[in-house]
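A closer look at the structure
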Amino acid sequence: DNAELGAWIDQSFGASVAFLLGVIWIGRAHWWQLLRGFIGKGDGRAPRHRLAIGVTILGPIVMVVWLVTMGTQAWAAIVIVGVVLMAHLVVARVVAETGLVFIRNYASPWQIFSAMSPKLFRAQDIFFAGVWQINGTQTTRESLLAFAMHGLKVNDTIDSRHDGQIRHAGWRLVVAVGWAVVIGLVFASASYLFIYYHYPMPLGNSGATMLNSPALNDWPRDLMQAPLNQWADGRFTERPYHPWLHFGIGAGVTFLLQAATLRWAGWPFLPVGYLVSSTWYMQLAWFSIFLGWLCKVLVVRFGGARGFDRAKPIFFGLIFGEAFAAGLWLLINIVLAMNGADYKIVQFLPY
């Protein structure tokens, strides 16, 4: 039910905070080295990262200043930006650890705000918390950070003989990523505007089916309109459970799992498993993941490392074949729809 789902999401929020703190702790020596290089006290390698570190620091500051300029309180703006950044960082780390092709972090500033008194907030705080849940944390399923990190990792595996070639390849990758972002923004914006202004959309109880109901109706209603109405009434809807308790449960369990993982090399239960267990995506994919794990165990058990290497092309072919089939039928649907035929939904990633 909704109460159980809300408790799971609050636990996931606490787990995300603890998970991110664990990532920061594990990489503390690297962060310290980068910080020393940024202020000019590190070794000869660290200063070349100065531009990246500066942009990383400046980006959140600009986001907070923009929200404050729009009327949001400074502390509320920091919470909103912090939650959005945390969600994308956690998803990027989860993808790096697990290789999951689809995952979303459900962390929301509203989870924190709704557990506090409405008197502490302005209307802008509530409004932009909803806006940046829809445009920030909800977009973690297609996180640009995760895609960029994957591209950088692929680039690092390129066999270059000289450091100059590596740096040159890195800059070309940065330019390519930036160009892809610009092209994607232009074409995605144009296609969305064209679709939603040229195809009939129900304006009342006409019985017509709304295209993309979650993004066009459900999320604006539940994450922006309803919270603003509650704030205007001076009372947030009480939850049938204690949100801070479930925040603490999620953070505590993840902290214990992280500590056990760092303490014992053979510890079988990883914090990332608990973190993603409450997501709808994992409810859909758990059996497929289990089959993949079972195939790997059997191949390694009976074929060893050589058998594992020989089996890779088979599973790469399965992945490529599924992606190719989905893309092919999407193109076929476009051609049929352009010629007046009824289109069929081809769902290859759950929303």
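Structure shown above.
Residues numbered from 1 in each chain as written. Predicted model: local features only at pLDDT ≥ 70, side-chain atom pairs only at ≥ 80, totals over all residues. Heavy atoms only, no water.

The next point concerns the layout of surface pockets. Estimated volume of the second largest pocket: approximately 1000 Å³. Taken together, 31 residues make up the lining of the second largest pocket; nearest its centre are Leu5, Ile9, Trp110, Asp222 and Leu223. Taken together, the elements giving at least two residues each to the lining of the second largest pocket come down to helix H1 (2-26), helix H5 (109-113), helix H6 (123-137) and helix H9 (213-233). Per element, the largest residue contribution to the lining of the second largest pocket is eight residues, and it comes from H9. (1 Å grid on protein atoms, 1.4 Å probe; cavity = no way out; pocket = protein on both sides within 12 Å on 5 of 7 lines; lining within 4 Å. Points joined across faces, edges and corners; volume = space filled by probe spheres on them. Helix = DSSP H or I, 4+ residues; strand = E, 2+ residues; numbered from the N terminus.)

Another point: the pattern of salt bridges. Proximity of charged atoms lets side chains of opposite charge pair with each other. The full count for this structure, using the stated rule, is seven salt bridges. Arg93 is paired through a salt bridge with Glu97; the nearest N and O atoms lie 3.0 Å apart. Residue Arg93 and its partner Glu97 are both found in helix H4 (residues 74-98); the two are separated by four residues, about one turn of the helix. Across the pair Asp309 and Lys312 runs a salt bridge whose closest N-O atoms are separated by 3.8 Å. Here the residue Asp309 and the residue Lys312 both occupy positions in helix H12 (residues 280-338), the gap between them amounting to three residues, near one helical turn. Relative accessible area serves as the criterion here: at 47%, Asp309 is assigned to the partly exposed category. Look at Lys312 and you get partly exposed, because its relative accessible area is 35%. One network of salt bridges, in which partners are shared, links Asp218, Arg221 and Asp222. (Salt bridge = Lys/Arg side-chain N within 4 Å of Asp/Glu carboxyl O. Buried < 20%, exposed > 50% of the residue type's maximum accessible area, 1.4 Å probe, protein only.)

To continue, consider empty space enclosed by the protein. By the definition in use, this model includes one cavity of 30 Å³ or more. Empty space within the largest cavity amounts to approximately 70 Å³. Those elements that place two or more of their residues in the lining of the largest cavity are H4 and helix H11 (271-276). It is H4 that contributes the most residues to the lining of the largest cavity, three residues altogether. Looking at side-chain class alone, the lining of the largest cavity contains six nonpolar, three polar and one charged residues. (Nonpolar A, V, L, I, M, F, W, Y, C, P; charged D, E, K, R; others polar.)

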